[in-house]
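# Observations on the model geometry
Now for the letters of each chain:
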Amino acid sequence: MSILVTGGAGFIGSHTCVELLNAGYDIIILDNFANSKPESLKRIKELTGKDFKFYEADIRDAEALQKIFSENKIEAVIHFAGLKSVPQSISQPLEYYDNNIAGTVCLCDVMSKNGCKKMVFSSSATVYGSKNPSPLKEDMPTGGTTNPYGTTKYFIENILKDLCVPDKDWGVTILRYFNPIGAHKSGRIGEDPNGIPGNLMPYITQVAIGKLPHLNVCGNDYPTPDGTGVRDYIHVVDLALGHVKALERLLRTNGCEVYNLGTGKGYSVLDVVHAFEKAAGMKVNYKIAPRREGDIACCYSDPSKAKEILGWEAKYGIEEMCEDSWRWQSQNPNGLN
Ligand code: NAD
Ligand code: UFG
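Not measured: the values here are computed from a predicted model. (Residues numbered from 1 in each chain as written. Chains lettered and ligands numbered in written order. Predicted model: local features only at pLDDT ≥ 70, side-chain atom pairs only at ≥ 80, totals over all residues. Heavy atoms only, no water.)

### A short note on the packing of helix α1 (residues 11–22) against helix α2 (residues 39–48)
The condition that has to hold: The angle between two axes is taken between their N-to-C directions and runs from 0 to 180 degrees, where each axis is a line fitted to C-alpha atoms and a helix contributes only its stretch in contact. By the criteria applied, helices consist of DSSP H or I runs no shorter than four residues and strands consist of E runs no shorter than two, each listed in order from the N terminus. Put simply, angles under 35 degrees are roughly parallel, angles over 145 are roughly antiparallel, angles from 65 to 115 are roughly perpendicular, and the rest are oblique. Crossings are assigned a handedness: left-handed for a near helix turned anticlockwise from the far helix by less than a right angle, right-handed for a clockwise turn. Note on contacts: a residue pair is in contact if any heavy atoms of the two residues lie within 4.5 Å. Three classes are used: nonpolar for Ala, Val, Leu, Ile, Met, Phe, Trp, Tyr, Cys and Pro, charged for Asp, Glu, Lys and Arg, and polar for all others, with Gly counted as polar.
Orientation of α1 relative to α2, taken along the N-to-C sense of each, is 30°, at an axis distance of 10 Å. The orientation of α1 with respect to α2, classified from their angle, is roughly parallel. With respect to the hand of their crossing, α1 and α2 are arranged in right-handed fashion. Side by side, α1 and α2 meet where S14, C17, V18, L21 and N22 of the first sit next to S40, I44, L47 and T48 of the second. When its residues are assigned to classes, the contact of α1 with α2 shows 5 nonpolar, 4 polar and no charged.

See below:
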C-alpha cells in the first residue's frame, strides 16, 4: 500500500516526502510543477537513497487521477497541492478557487470512487481570521478570511468536514500550519520562490546573498513589544514530522480532526532579522516601511492538542531555522535549477 502525496515536489511536500521515506512508507508523488521543479524529486531520492513513482498531473484532471488509482493501491493521500500566494490570489481569484477548491473536490471524488477515504490536508493559520486572540486554539471560530487564498482554505476545511458526516469510512486530518521556514539540514532542498519573495524568510536570505538591496519591515507601529508583526515560525522539518505523526493516527481512525502545527512561540520581524544575522554572521540591511495590507499584528499557536493526541511537538528553535534557511540559500543561490 502506498501514500499518494499531491504537491510533493513543493517546499513542504518535498521535506515531508523525505521524512515519509525515512519512516519506511512507500510513496507516490503527483505534481504539475506549477510552483516547483523536477530537480526536487531527484534530491528527495538523493537524500533518502529510495525510489518512488511520480506522475506529472493536475489534481483537477479526474482521468489522470483515476489512472493513478487504477495502477496503484493507495491507502491515504497527503494533499499539499495548491496555489499559495496571497497577492496572486487577489489578482486571480478564479484561478485560486478553481485550482484549490475544485481541485480538492475532484481529488476527493476520485478517492471516494476508488475506496480510498483517508486524507491529510494542508490548511493554514489564516483560517482563524483577524478577530481571535493568540494563542490560537483549534476550537476557536474560523472564517473572516481577508483574501481568496485564505478563503480557499476555509472553504476546503468545511468541505472536508462535511464529507466525513454522511460517510463514516472517511477520515480527514486538517493541519493548520503557522509560518514554515528553514530547510533540510543537508541544504539540498528548501523553499524556492518564483520571482521576488512575498514571505519574510526568503526575502531576508535573498537580501543576505545580495540579490535584493534591503528588507522592507512592513510596519513598526503594531501593538507588539517592538512594534513589528509577530508570527509563529516553525522549522519545515518539524512540520514534515508532524505529517508523519498525523498519518500514523489517521490510518487507524475515522472522522475529521484538526490540529495546529506551530511552536507556540511568537517572534517579531526584527527578532527574526537579528536571529538571522547571528546565524549567518552578517548584517541584513532593512528599512522600516508602511504596514502591508491585510496583515495582523500577532499570530501564534497553542500547539498542545498536537502534542497530546499526535505525540508531536516542534523541536527546532529560531536559531536552527535561520541557520538552515541560510545554508539552503547560500548553497543554492539560484534555487533548484
Ligand atoms: P509549494 O508551492 O512549494 O508546493 C505546492 C505544490 O503543489 C507545488 O509543487 C505545485 O507545483 C503543486 N501544485 C499546485 N497546484 C497543483 C495542481 N492543480 N495539481 C498538481 N500539483 C499542483 O507550497 P508549499 O509552501 O509547499 O505549501 C504546500 C501546501 O501548504 C499548500 O497547500 C499551501 O497552501 C499550504 N500552506 C503553506 C504555507 C506556507 O507558508 N508555505 C502556510 C500554510 C499552508
Ligand atoms: N514581512 C515584512 N517584510 C516582508 C515580508 C514579510 O516585514 O518583505 C512581515 C509581515 O508583515 C509579517 C511577517 O513578516 O509580519 C511574516 O510575513 P510572511 O509573509 O512571511 O507570512 P504571513 O504571516 O503573512 O503569511 C504566511 C503565509 C500565508 C499563510 C499565513 C498563515 O504566507 O500563506 O502565513 O499560515 F496563510
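Structure's up, so let's keep going.
### As for the site of ligand 2
In plain terms, the rule: Residue proximity to a molecule or strand is established when one non-hydrogen atom of the residue lies within 4 Å of it. Polar contacts, as counted here, are pairs of nitrogen or oxygen atoms within 3.5 Å of one another; within protein the pair requires one atom able to donate a hydrogen and one able to accept it, and residues that are adjacent in sequence qualify only if both atoms are side-chain atoms. Each accessible area is a Shrake-Rupley estimate made with a 1.4 Å probe; only the visible protein chains count as cover when residues are assessed.
Taken together, 21 residues lie around ligand 2, and N199, N216, R231, R292 and D295 are the ones closest in. Here an oxygen atom of ligand 2 and a backbone polar atom of C218 are 2.8 Å apart. Contact distances for ligand 2 include 2.8 Å between an oxygen atom and a side-chain N or O atom of R292. Its free accessible area being 690 Å², ligand 2 has 87% of it covered by the protein chains.

### What to know about the sheet that holds strand β4 (residues 74–79)
This is how it is decided: Paired strands are those between which DSSP finds at least two bridges.
The strand order β3-β2-β1-β4-β5-β6-β11 describes an open sheet built from 7 strands, whose pairing is parallel. Edge positions in the sheet fall to β3 (53–56) and β11 (255–261), since each of these pairs with one other strand and no more. Adjacent strand axes in the sheet meet at a mean angle of 15°, parallel and antiparallel pairs treated alike.

### Some words on the side chain of S325
Tracing the sequence through the fold places S325 in helix α11 (residues 318–331). Separated by 3.0 Å, the side chain of S325 and the backbone nitrogen of G182 make a polar contact. Once residues lying within four places of it in the same chain are set aside, the contact partners of S325 are I181, G182, A183, M201 and T205.

### Comments concerning the site of ligand 1
Taken together, 27 residues sit near ligand 1, with I12, D31, N35, S36 and Y149 positioned nearest. Between an oxygen atom of ligand 1 and a main-chain N or O atom of F80, the distance comes to 2.8 Å. Taking 830 Å² as the accessible area of ligand 1 by itself, protein coverage stands at 95%. Among the elements of the structure, α1, β2 (27–31), β5 (118–124) and α6 (148–163) are those that each provide at least two residues to the shell around ligand 1.

### Things to note about the pattern of salt bridges
Stated precisely, the cut-off is as follows: For salt bridges, the criterion is a side-chain nitrogen of Lys or Arg within 4 Å of an Asp or Glu carboxyl oxygen. We call a residue buried when its accessible area falls under 20% of the maximum for its residue type, exposed when it is over 50%, and partly exposed in between, using a 1.4 Å probe and counting protein chains only.
Evaluation of the coordinates by the stated rule reveals 22 salt bridges. For R188, the salt bridge identified is with E46, shortest N-O distance 2.7 Å. Here R188, found in the loop between β7 (179–181) and α7 (200–208), pairs with E46, found in helix α2; they are 142 residues apart in sequence, far enough to count as distant. Of the residues examined, R188 reaches a relative accessible area of 27% and is grouped as partly exposed. Assessed through its relative accessible area of 44%, E46 is described here as partly exposed. The residue K67 makes a salt bridge to E71 at a minimum N-O spacing of 3.0 Å.

### Quick word on the sheet that holds strand β9 (residues 230–231)
One open sheet holds the 3 strands; their spatial order is β12-β9-β14, and the pairing between them is mixed. Two strands bound the open sheet, and with one partner strand each, they are β12 (267–268) and β14 (298–299). Note that β9 and β14 share 2 bridges and pair parallel. Note that in β14 the partner of R231 across the bridge is C299.

### A few points about the confidence of the model for the protein
In plain terms, the rule: pLDDT is defined as a per-residue confidence score from the predictor, taking values between 0 and 100.
Averaged over every residue, the pLDDT of the protein is 97; residues scoring 70 or more account for 100%. The least confident element of the protein, judged by mean pLDDT, is helix α4 (residues 86–91) at 94; the most confident is strand β1 (residues 2–6) at 99.

### Quick word on the side chain of E277
Residue placement: E277 occurs in helix α9 (residues 269–280). On the accessibility criterion, E277 (10% relative accessible area) is buried. Once you skip the residues sitting within four places of it in the chain, E277 turns out to touch M282, K283 and V284.

### With respect to the environment of H15
Tracing the backbone shows H15 in helix α1. Here the alpha-carbon distance between H15 and D238, two residues 223 residues apart in the chain, equals 9.5 Å. Residues contacting H15, with those up to four places away along its chain left out, are A183, H184, I189, G190, V236, V237 and A240.

### Quick notes on the nonpolar core
Rules: Nine residue types can take part in a nonpolar core, namely buried Ala, Val, Leu, Ile, Met, Phe, Trp, Tyr and Cys, and a core is a set of them joined through side-chain atoms within 4.5 Å.
I3, L20, I27 and I44 are the most contacted members of the largest nonpolar core, which has 35 residues in total. In this structure, I44 is in contact with G8, S14, C17, V18, L21, I29 and F52, ignoring residues within four places of it in sequence. In this structure, I101, F121, V172 and I174 belong to the second largest nonpolar core, which totals 29 residues.

### Some remarks on the environment of Y154
Position of Y154 among the secondary structure elements: in helix α6. Residues Y154 and G49, 105 residues apart in the sequence, show an inter-C-alpha distance of 37 Å.

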